[in-house]
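If you want the building blocks of each chain, they are given just below.
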Amino acid sequence: MTNHWADLENAKVFLIEGSNAAENHPMAMKWIRKAQEKGAKIIHVDPRYNRTSNIADVYARIRPGADIAFLGAIIRLVIENGWYDAEYVKLHTNALFLARDDFGIENGLFSGYDREKHKYDSASWGYQLGKDQKPQKAKSLDDPQCVFQKLRQHFARYTPQVAEQISGVPAKQIEEIAELFAKNRPGTILYALGMTQHTVGVQNIRCDCILQLLLGNIGKIGGGVNALRGEPNVQGACDMSVLNNYWFGYNDAPFHNQPTLAAWTKSNGTFNRKMVVNGLKAWFGENASPENEFGYGWLPRRSAKKDYSTLGLIDDAYAGNLKLLWVLGQNPIVTNPNLNYVRDAFARLEMLVVQELWETETAAFWQAPGVDAKAIQTEVLLLPAAYFMEKEGSISNSGGLVQWRYAGVAPPGQARPDLEVIDEAFRRVRDLYKGSSDPRDAAILKANWSYQKATLAEDVLKEISGRAWKDVPAKNLKAGDLVKRIRELEADGSTSSGAWIYAGCFGGGKNLTKRRDLKAERLRAVGITLNSTYAWTWPDNMKILYNRASCDAQGQPMPARDAKGNILAPAVASIQWDATQKKWIGIDVPDVPDPTKGPDTPEGQQAFRMSAEGVGRLIAGPYEDPDPKEKGMPRDVAYVPKDGPLPEFYEPVESPVANLLHPTAQNNPVLKYPRIKGKQPIGTAKDFPYVLMTSSLAEHWCAGSTTRNIPWLNELAPEPMIEIPVKLGEKLGIKTGDRARVTSARGELVVKAVVTRRMQSLRIAGQDVTIVWMPYNWGFKGLSTGPSVNVLTIDAADPGAGTQETKACLVNVQPAGQASAEEAVSSIAPRSGGRR
């Protein structure tokens, strides 16, 4: 989230797309309803009418996978009607930058596309550079070569009428939504897995970012692009080094062609190198020095040709290349798509380790109905883990709020907290490698790993927060001091931080994540609340990222305007430049490189200091910002999406219609699917005429591993089902409570049907497209069992993020009649309700 949960109260309008916040993020909805009580409008865009739709002021039904067409039309309307904030756009985005002459798009393919390799050479997506290697700027937004005009040209094709034909949302309603969202500032966009679980997931979110930059809603109180992830947790996993392509704090994990830290820096920039040095120093301590590049060479590097995502691991297991898989806090035999293939892949592992509260479907994959356990040679180890109420430690939520929680009770039996299990496993592995001189073992033997068992969780948090390894007089640090903020980190190894964005969370030796002071700073005139003394928020306890963008070129708060300069909302000061004190001040921590650098300095003008350009990016092309202090090295390097510098609509891999914009480029052109011959079939509308979307229920959480072991939740939602439209029920002769057989190109299952007006057919490109819905929370273990919908779903994935397309695939639905013996076994599989 660019903003935070409590700030949702300050929005004037909400665009909720790809999220059922009322059911899956009820604490977010608490703040949304507070805003609604004060007059804010809620727009909900979803294929299924649900509890969020019910409280919305405007509900728009959309076809799964058509978000770019819908949002593209809104972006077009904002531009053509002059609803964009011209002053914000010119000052805080790359709108005035001159694009290259050879940039373009034709028949759905951007310039630089290689058809044989399914990849782009992105060079033509960049800027025209001056002698100083900085982007050249146009004098006005009317320059035909500037980024703004390229953006306008790109989205000119996305008329409301075209968007209606693709998405099913009526053109008139698209126009009404665009005007409602554009004219009520500040507005915020909320999204969740409904936007990301597509083969164009990254570009879906790019649409959100472009729209909010045009409206000047980024960096503002009540604005932002806000991902609804975990309300208490989840975010923290990605902040660390858990994602396959990132190190600590979202620094790129190195590739095989980056053998040295210098080579890595050439691709990532000196700013990021500084943060990597601090991370490596935390990992290797005294063993990390400038002479050995702080241990960079000890670590493994990724092959640029290999897929290390979850789906890539499954492919590797099936190929026999992955021998051991250790699964913590996940249940992939319920949640992964194309489940029959996943089960086959698990059967080829030599060992599977599952760290869990229960004997889940993953731990017992060899017990699945219809599986011949004798044919599976995989050795499975189940490590009993502690529940969240049985362990202490920090949790980080979507707004970046890091909170300490305490253990309420001791874990039962042999169950242990995850941190203790990982700590002991590492120590035992290190003992096995003791005395080795093999260079491959250096990372294990030289690791700075000496946490005390009595204070294990806090010791780890201190390492993450950071410390000084020697005196740093310029920062008023003595050896052993815990750093208080990011700018105290040094680039020479004299400081460390296990995740630089968390630097200072244990500042001055105090665990700031334990704070529970509800005293708030309040802007009396407008009633804005920011709690700076409740727990701690990354980075630097900042509540609103990019808040420098809320100010003008002189560092003073900007009102919201349209293209003609008409004021749509008054300025609200979260930060501003104080010329008397000669520093940035405010109720929030200023998001600037140095609070003493004023708006007349390069540092004081960088509203988006985490982008290489220092501004928000309407077009996301390649750019290396030169480092004036280190010749030949970039200060920062821009991220470039694999599938294009701008969002372009592509159909899901399985779609009932042809791509209306460009039939020759039906799907994401960078996507390579199927990956494994014979295991990843693609269904067609001839055999599978209906679109299936999946999501979760309020009554069950994710794979249901815990909630399906709670009797009273099972009473509320006892079994999986399929929701179908009334007309489809009439056509098939299926009534609510009847059993329905659902099939896809990958598998089939039988569940009860719910015939409901929540689901409807949509008119798409001149034909009716019927959408059905199923929850994904069931499996064959627990007190409540049932077939897993992911037997049906497709494991095609976004080429950049690796997120599976579980929101749109093709199925057939037929009356099932009486349950077969195999289906009966599936519904009464052995109960596992106990903890070990």
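Residues numbered from 1 in each chain as written. Predicted model: local features only at pLDDT ≥ 70, side-chain atom pairs only at ≥ 80, totals over all residues. Heavy atoms only, no water.

**Student:** Looking at this model, I keep getting lost on the sheet that holds strand β13 (residues 393–396). Mind explaining?
**Tutor:** Sheets are built from strands that pair by backbone hydrogen bonding, the pairs being arranged parallel or antiparallel. Sheet architecture is open: three strands sit in the order β13-β14-β19, paired in antiparallel fashion. Of all the strands in the sheet, just β13 and β19 (536–537) have a single pairing partner and so form its edges. Relative to β19, strand β14 (residues 401–405) runs antiparallel, the two sharing two bridges. Its bridge partner lying in β19, Leu401 is registered against Thr537. (Pairing = 2+ DSSP bridges. Helix = DSSP H or I, 4+ residues; strand = E, 2+ residues; numbered from the N terminus.)

**Student:** What is the right way to read the pattern of salt bridges from this model?
**Tutor:** Here the structure, examined in full by the defined rule, presents 38 salt bridges. Of the charged contacts, one joins Glu654 and Arg746 as a salt bridge, the two residues approaching to 2.8 Å between their closest N and O atoms. One end of the pair, Glu654, is in the loop between β25 (634–637) and β26 (690–695); the other, Arg746, is in the loop between β28 (739–743) and β29 (748–755), and 92 residues separate them in sequence. You'll find Glu654 and Arg746 in the same group, each marked buried. (Salt bridge = Lys/Arg side-chain N within 4 Å of Asp/Glu carboxyl O. Buried < 20%, exposed > 50% of the residue type's maximum accessible area, 1.4 Å probe, protein only.)

**Student:** I'm lost on a nonpolar patch on the surface in this one. Help?
**Tutor:** Residues Leu324, Trp326, Leu328 and Ile422 make up a contiguous nonpolar surface patch of about 330 Å² in total accessible area. Residue contributions to the nonpolar patch peak at three residues, all from strand β10 (residues 324–328). Looking at where Ile422 falls in the secondary structure, it is placed in helix α17 (residues 418–433). (Patch = residues over 30% accessible without salt bridge, like charges linked within 9 Å, V, L, I, M, F, W, Y side chains within 5 Å. Areas by Shrake-Rupley, 256 points an atom, 1.4 Å probe, with all protein chains shown as cover.)

**Student:** How should I be thinking about the sheet that holds strand β3 (residues 58–60) in this particular structure?
**Tutor:** Overall, parallel pairing links the five strands, which are arranged β3-β2-β1-β8-β9 in an open sheet. Whereas interior strands pair on both sides, the edge strands pair on one side only; in this sheet they are β3 and β9 (225–227). Strand-to-strand twist of the sheet, defined as the mean angle between neighbouring strand axes without regard to direction, takes the value 15°. Examined bridge by bridge, strand β2 (residues 41–45) and β3 share three bridges and lie parallel to one another. By the bridge assignment, His44 is partnered in β3 with Tyr59. Against the sheet, helix α8 (residues 171–183) contacts β1 (13–17), β2, β3 and β8 (187–191), and its axis sits at roughly 135° relative to β3. (Axes fitted to C-alpha atoms, helices over the stretch in contact; angles between N-to-C directions. Contact = heavy atoms within 4.5 Å.)

**Student:** I would appreciate a short explanation of a positive patch on the surface in the present structure.
**Tutor:** A surface patch of like charges, here positive, comprises Lys117, Lys119, Lys305, Lys642 and Lys672. Tracing the sequence through the fold places Lys119 in strand β7 (residues 119–120). (Lys, Arg positive; Asp, Glu negative; His and termini not counted. Charge placed at Lys NZ, Arg CZ, Asp CG, Glu CD.)

**Student:** Could you clarify how one ought to interpret the packing of helix α14 (residues 310–319) against helix α16 (residues 339–346) in this entry?
**Tutor:** In helix packing, the relevant descriptors are the interaxial angle and the interaxial distance, both defined with respect to the helix axes. Orientation of α14 relative to α16, taken along the N-to-C sense of each, is 50°, at an axis distance of 7 Å. Considering the angle they form, α14 stands oblique to α16. The element α14 and its partner α16 pack so that their crossing is left-handed. In this structure, α14 contributes Ile314, Asp315, Ala317 and Tyr318 to the contact, and α16 contributes Tyr341, Val342, Asp344, Ala345 and Phe346. Across the contact of α14 with α16, the residue classes tally to seven nonpolar, no polar and two charged. (Parallel < 35°, antiparallel > 145°, perpendicular 65-115°, else oblique. Left-handed = near helix turned anticlockwise from the far one by under 90°. Nonpolar A, V, L, I, M, F, W, Y, C, P; charged D, E, K, R; others polar.)

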